[in-house]
Every structure is written in C-alpha cells, then in structure tokens.
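Remarks on the overall topology
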Amino acid sequence: MNGCNNCSGCQIPVSLPERKEEYVVALAGNANVGKSAMFNQLTGVDQDIGNWPGKTVERAEGLLQYRGQRIRVIDLPGIYSITALSTEEQVSREFIAHDHPDVVVNVLDASALERNLFFTLQLSELESPMILAVNQMDLATKKGIAIDLRKLSGLLGIPVIPTIAIQGKGIADLSDAILSAIVTRPKPHTMPYGKEVEDRIQKIMALFPAGVGGYPPRWTAIKLLESDSDTIWEAKKLAPDAVAAAGAFRQELERIHGEPAATVMSSERYHVAEQLVAEVMEIRPQNENELSLTERIDRLALHPLIGYILLIMVIGGLLVWTFIVGAWLSELLTAFLSGIAPVQPLVKGTVVDVIINGAWTGFVAALTLILPYVIPFYLFLALIEDSGFLTRFSLMLDQGMHKMGLHGKAIIPLVLGFGCTVPACLSCRIIESPKQKFLAAFLVTLVPCSARTIVILGVVALFVNVWWALALYLFAFILIVVLGRLAFRLLPGESVGMIMEMPDYHVPSVPIVLGQTWQRTKSLIWIVLPAYIIGSIAITAAFAAGFLEPINTILSPITVILLGLPVMTGVVFVFGIIRKEMTILALAALFGTTVFSTIMTPVQLIVFGLVAMLYAPCISTILALAKEFSWKQALAITALETALAIAFGAIAFRLLGLFM
Amino acid sequence: MTSEQLEEYLESILDIETIDGIAKTSAIAKCLKVAPASVTEALQVLSEKGFVHYEPYKGAKLTDLGREMAQKVKRRHRLLEVFLTDVLHINQENVHDEACKMEHTLSDETECALCKLLKAPARCPHGSLIEACNRQVESCSSCLEGEGTVSSCTRDEPLLPVTTLAPGQKGTIAFIRGDNSVVQRLTDLGLTLHTEIQLIRKAPMLGPVEIAVRKTKLAIDHAIADHIFVTACKETTG
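Residues numbered from 1 in each chain as written. Chains lettered and ligands numbered in written order. Predicted model: local features only at pLDDT ≥ 70, side-chain atom pairs only at ≥ 80, totals over all residues.

1. Quick notes on the interface of chain A and chain B
Basically, it comes down to this: Any residue pair is listed as a contact if its two C-beta atoms, each placed from the backbone, are within 7 Å. Segments assigned H or I by DSSP are reported as helices when at least four residues long, segments assigned E as strands when at least two residues long, and all are numbered from the N terminus. Three categories are distinguished: nonpolar for Ala, Val, Leu, Ile, Met, Phe, Trp, Tyr, Cys and Pro, charged for Asp, Glu, Lys and Arg, and polar for the others, with Gly belonging to the last. Here, a strand pair is defined by DSSP locating no fewer than two bridges between the strands.
Contacts between chain A and chain B engage 35 residues on the former and 35 residues on the latter. Contributing elements (two or more residues each) for the side of chain A that touches chain B: helix H4 (113-124), helix H12 (261-280), helix H16 (389-402) and strand S9 (499-501) of chain A. Its residues assigned to classes, the side of chain A that touches chain B comprises 15 nonpolar, 14 polar and 6 charged. Strand direction decides the pairing type here: S9(A) and strand S7 (residues 216-220) of chain B, joined by 3 bridges, are antiparallel. Looking across to S7(B), one finds that A:Ile499 is bridged to B:Ile220.

The structure is reproduced here in structure tokens:
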C-alpha cells in the first residue's frame, strides 16, 4: 500500500470490519495548522479558511467519495490540548470517545512539530484508530526543517503522510491512507512517561481496568491523576474508594514535583514530544541575522506608531473601499436591471400582478443593495485574514479592549461584524471566559453590519449628506465603548487575559481569497434573496389587502409621537427585524418612491437611520444568540437595544429639531 | 548605620538605577530627603560592606548581593501594600508610608505567609511588579496548597519576569506564578519549566508581549506574562 510509508500499522493483518454504508473520519489538531484547507481538499465543501487560530468554530461536515467508498469527514475545532478547559476541547474529546469515528486524522504543522506532537500524545490516549497528516511541509522546508516521517511513523506506530493542503499536495496519499486505515485500524503505540508518573498510571489502571464513561483505561487513569472533574464524577458513581486511592497517588506526585499533577502531566508529554522531535527532526542552521519576512513585516505592523497608522489605514481602507466600489457596482447593476423591467412595487390588481411585482422588486433590491457592498467587503476581509494581519490587530488593540473588559482576540468578531453579525457572533467562541464571550457578542450586535451600513448609506448619506452618515457611524462606535464599559462592570464573571498564537504571514492565495469571498457571499444570497422576494411579496400583498393600517396604528405612539416619523414607518421597522436592509425596501414599496427626501425631512431621515441602526438585531442574529447563549440572553439584548434605539431616537428628534 | 537605613538606601538606589542606569549622590539625597553629605558617607559604608560599587562624583551601582537585598525589601514593601489595601482597606495615600515602616521588620516566615494569604499577587496597588520569591519552588500551588513549611532553600540565580527581558533576549523558564488554570493554559502551549523562550517584542503601554517558544510565537497579555519568571541566558540574538 503506497502512502502508508510501510508503517507497522499496515503490517498487522486485520480482518475486514463489516462493510458500512458510510465511514466517519475526524480531522483533529492544533488551531491554524491547515485543517480547514485539508477538509476542503478532501470534500470539496467550502469551509472558511483564514490565517488565524480558532477559525473553525462550528464542527463542519463534508463527504469524501473515494474509490467507491462514502466517507463522512468531520472538521473538529482547532485546540491545543484536550484537558477540557474550554467547550471546544470538551466537544472534540467527547466526539472522538463516544461517536467512535473510524479514523482520526491528526493534522500537524510541520514547522511547529513539538507542540503539535504534544497534542498527538493526548489524542493517542483516546485510543482511536489514527493517522498523522504532517501539513505545511513547504513552510518547514523553508525554515530549514527536515523531518524523517518514516521514523516518526515507526516510533508512533501509525501511518504518517506529508501534505501541503493549500496546494492540494499529498491529498491523494492521505485519502489512500484513510481508506486503508479504515481496514487496518492502526492504533498508536503507548508512549510511556517518566517512572514516577508511569507507575502511578499503572496502579490507577489496575483500579479501573475497564475505564470510565466510555473512555479507555489508560485515559481514565491519566485523567484521574490530573483530577479532571468529569472523570472523577463518572468514576465516583462506579467506585468511590478507588477514586480516593487515585487521589492519594495524585497527592504523592504533587508532593514530589511541587506542581499540580495536571501540569506535571503536560510537562511529561512535552518531554516525550521533545524526545520524538530529537529523533526525527533536523534543523539546518540558518543565518540568525537574516530576518524572516514575518519579522520584517512585524517590525512595521507592530511598531508603536507606524503600526497604529497602518491599522487605521487598513480598517478605514476596508470601509472606504467597500463604499466606493459598492456604490459603483450598485449603479452598474441598477442601470442594467431597470433596462429589463421597471420597478413598480405598489400595485393593486390581480393576485398574479401582486406576486410578480413584489418578487421583482425584492429581487432587484437584493441585487442592487446587498451584493455590491458585500462582495468588496468580503474580498478585502479575506485578504486581511488570509495574510495573517488580523491577528496583529488583536495584539495592537489588546490594551484598548481591556477598557471594555475584553482582550485583543475580541477584535476579530468585531471586525467580522462589519460584514454580517451572525458569523461574527459565532466567532466569539475564540474567547475563553463565558463573561467575555457574551460581552463580545453583545458588542458585535452593535457594530453596523453591511445591512445597517446600506440603510445608513441609502437613507442618510444619499438624502441628507455623508457627514451625518459618518456621525451615525461614530455614534455607534462611542455607544460600543460606553456600553462595553458599563456591561463589563455589571455582568458577573471573571475576565482573563489573552494568550494567542501569532501565525506567520503569507502571501494570500488567490483561490482561497476568491473562494472565501464567494462562499460567504453565496451563503448570504441563500438567506437574503428568498427573504427579500418573500418579504417584498408580503408587503405588496399586505398593502393590497389593507393589513398595514392596524400595525401602523398600534405602533404610532412610538413612531409618530416619540420619534416624529411618518406613521407608515411602523410597518417598515417590523419588516426590518427580518433583515435590516428590508427597511429600505419597505420604505420604497410603501411610499412608492426611492427618493426618500420627498417623503421625510432631513431630521426624520437621520432619526430613521439612527433607529434602524440600533433597534433589535435581525432574526438570524437573535437565533444565533439564542443558540450560543440562551433565549433569555438573546431577548434581553433585543429588548435593551430596542429601548436604546427608541430613547436615542426620541432625543435626536427633539435635539436636531432645534437647529435643522 | 542601622539595618533599616541600609535597606532604605539599597531600595532607593535600585529605583534610581532602574531609571538612570547609575544612582547619583544628589538623586539619592533627593529621594531619601537627606543631605548629600550623609549620602556620600552612607555609600562608603555600603561599599565597604560589598552592597554597592561606589565611585566618587559618578554615583553608585548595586552589586549582585546588594541587588538581591534590595529586591527582597522591595518585594516585602509591595506585598505589604497589597495587604494594606486589599485586606485592611487602608487609605491609598497612606499605604506607601505604612509599608515603608513595616517592610524592615518582616521575617521570612511572615513574608511567605503574607504571599500565601494574598495568593501570590503579581503587582502592587500602584501597578509595580512584585518580584518572585527566591525559594526553590516550581509553582505557587506547592506553596498555596502544601501543608506545613515550604522549602527555605534559596535559588542561586536571580529570577526575572519575562516582561523585563530585552527584545531578542532569551531565558529559561524557572517558575510560573499564579493559580492553576493560568499555569495549565501556559503549560499546554509549551511553556513548561526549563524551556527556553525568547522575548520578541513588547507592545507599547503594557500591551501584550510576543514570545517565541518551541518554534511558535505567542502573544501573551502583559499581566499573564508577569507571572512567567526566567533565568536569563547571556547570549542574545537580533
């Protein structure tokens, strides 16, 4: 069998497992080693790729069809350890132990072998059939690192495949290795630790010969030694006396080393990893005075002065680029589409007329309002992400984020929030403490996403002036800082500091940047286009049927009396909860014009933009928040933001009325 | 010269030296609010006892012995400040003066008990870093959770927080201060004891520090990095 490097795993004759319809393979490994790129290569599914640790927040699934076999590939989130300090670690270890994937593919970064093997050792204690994919071989070679993979395979007892996932190299070998591993089920050798530790592991294994909670005995013993709370809880149900005995062994170990046993275990694993690396890796001495590309860029990007100037330029550039390119694309599309058929949203007539007109209006609005702004934004964002700049923002802004009880990592969701709030909320998972995670998600909902940007542009910038639009943006930023500080004080829980890996920069790859942009745009189209078309039909139909009046009347105390807006805006805000851009669409449909300055005064336009920007997050966001946190928290955010929007809107209406 | 005066001198020389590189007589006089003449006299005594290198008209520099002594007193001073602020809730303005008087009479045992009580704090209420103790322990938990007395053997080499290394300088991890969860997080990322690490850069205004460990680079919050103590390696690379 080629691709196996003739490892011992393939030499053991094993009978064929019963033929299954579908096999399951899990990709596991450290963050930012190229798991997502490998997943895409294997399955052809477009999983987001980015050069920052923690990219894969949700477990992704895809299908690999290879030599007539159906193999379901699961991309587990990237973690550094399975001590279950975080939810991701918990999820990964439970999946491997309880869902019994046929093969676990441990993806490693060849240029940081020691730390990656530390994880491999932990993973191997779960005793699943396993193979190693040593990825980013090209980067390692560039750094003068040579790895004897055959030897590594021999030492670990499992197949080891070299890959360069971004270029698709080694993927065929890896697929072959996966197929044969399904048959041979190679299990890694047990790596013995130091005598003091190993003796105690053996003694505890004798106490729990069958393991606990579906985990293998050795894993159980190690976890009891590390005083892992889940394992202790499970074990106590079986044999409380044995748990006490294990506790005594732990105390002995702690007395010898003067460190908590879990730390002792980590040191032991690193010790084994060091020995493995010493056996298999050779580093060609490099000229230490020659600075790497990363170091040279970092001298500028992380410079105390130039760094901040660059950062402001990049974020400013991102927004300006989006607006300029977006406006240009929008104009092109509008001209093209109005050539096909005119937009006439308000019609009364036969059901068919209503539906066709509504659908066309929705389609045109989606195409001219959303796509032109989203595509350039995502393109630029993909460039920042893939090159590795986003992690540098985290480092530079860490101190600033402390003011809001957050740390540098939170800048990643906040920047993503300019695109779409939903993925930005999900990416808050990279933050460790529950308090900070919720805080970050709350602030992300206040970042003007592309939809809200479109409302501000389409209503305020176009019909009042650009400065008022910028003022609204500025107001949103101030609100984020102020509310962040307040929430930080009010919310219970602790804040922990940042520890984040700094990946090397690399030249963004064109296929990845384009693929990423397309993938994000595509998923947005799937949500937006139907919502627009259905929403637009609903508005047109509701108008034709005369349902709008009652809604407007109920909401009129808020819209008319408090906010000083036309009565018709009540319905507009209701539709806006589906998607924020729908407010523009509804406005155009209901008033029968896209020149909003004819229906509202400048003050009304500004108040409308302000309220639309702040009030309740869209339905998708509310759902995402409920899923990530709880319905209670999601609704609390919704209620708070709606109240804030009404309060600020009422104040703005009265203040602006004085001099405009 | 009383031991109290001696310690006060060493402390202020350490402070001035950190900023100016060398402690001038005039600067010491200003700091301790005494006449320059008495400073000159005191420096001669300190020099005889081997605590400082003193050159007339240039100033004084601490010897290794003097530095160890000064840091020990500084550590006690700052621990006392945390104690006075967090436990006794003494008014911020008086904390410094109170600690100044108490620091000279503190025994090793009381200092250790104070450190345990306060759970090995990283910084004093004014934000200055508290030095690690020089006992031969490998983590704080052996002290915080252990029963009875802790090893009273002292380390041979001085410990430096990684945040005080110069960019490019390397050190070997000797001690990670703080509670288990922080130690575990750092250990899992490869920051185990006796591992060589290199400080790459420090972000301005006490921002995160970037360090290289096991061929990877990590950005670590300044407050967390304060807990990582190393023995510095002599050679540096650019």
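Next comes the rest of the account.
2. Observations concerning the pairing of strand S5 (residues 130-135) of chain A
Residues and elements named next belong to chain A. Test applied: Residues with at least 20 neighbouring C-beta atoms inside 10 Å of their own are called buried, those with 12 or fewer are called exposed, and the rest are partly exposed, where every C-beta is derived from the backbone. Viewed with both strands pointing away, a crossover whose connecting path from the first strand over the helix to the second turns clockwise is right-handed.
Among the 6 residues in S5, 6 count as buried, and that is most of the element. Residues of S5 alternate between two faces, with Met-130, Leu-132 and Val-134 on one and Ile-131, Ala-133 and Asn-135 on the opposite face, all of them buried. Inspection of the sheet shows strand S4 (residues 103-109) paired to S5 by 6 bridges, in the parallel sense. From the neighbouring strand, Asp-109 faces S5, where its bridge partner is Asn-135. Viewed along the sheet, the connection from S4 through H4 into S5 turns out right-handed. Pairing of S5 with strand S7 (residues 160-162), which is carried by 3 bridges, proceeds in the parallel orientation. Bridge pairing in S7 links Leu-132 to Val-160.

3. With respect to H4(A)
All names here are of chain A. Spelled out, the test is: Multiplying one less than the number of residues by 1.5 Å gives the expected span of a helix.
End to end, H4 covers 16 Å across 12 residues, agreeing with the expected 16 Å (1.5 Å per residue, within 8%). In terms of residue burial, H4 counts as a mostly covered element, since 10 of its 12 residues are buried. Those residues of H4 not exposed but buried are Leu-113, Arg-115, Asn-116, Leu-117, Phe-118, Phe-119, Thr-120, Gln-122, Leu-123 and Ser-124.

4. Here we look at the domain arrangement of chain B
Residues and elements named next belong to chain B. Selection rule: Throughout the structure description, domain borders are defined by an automatic or database domain assignment.
According to the domain assignment, chain B consists of domain 1 (3-62), domain 2 (67-131) and domain 3 (160-236). In this complex, domain 2 contributes 4 residues to the contact, which on the side of domain 3 involves 6 residues. Within the side of domain 2 that touches domain 3, the residues separate by chemical class into 3 nonpolar, no polar and 1 charged.

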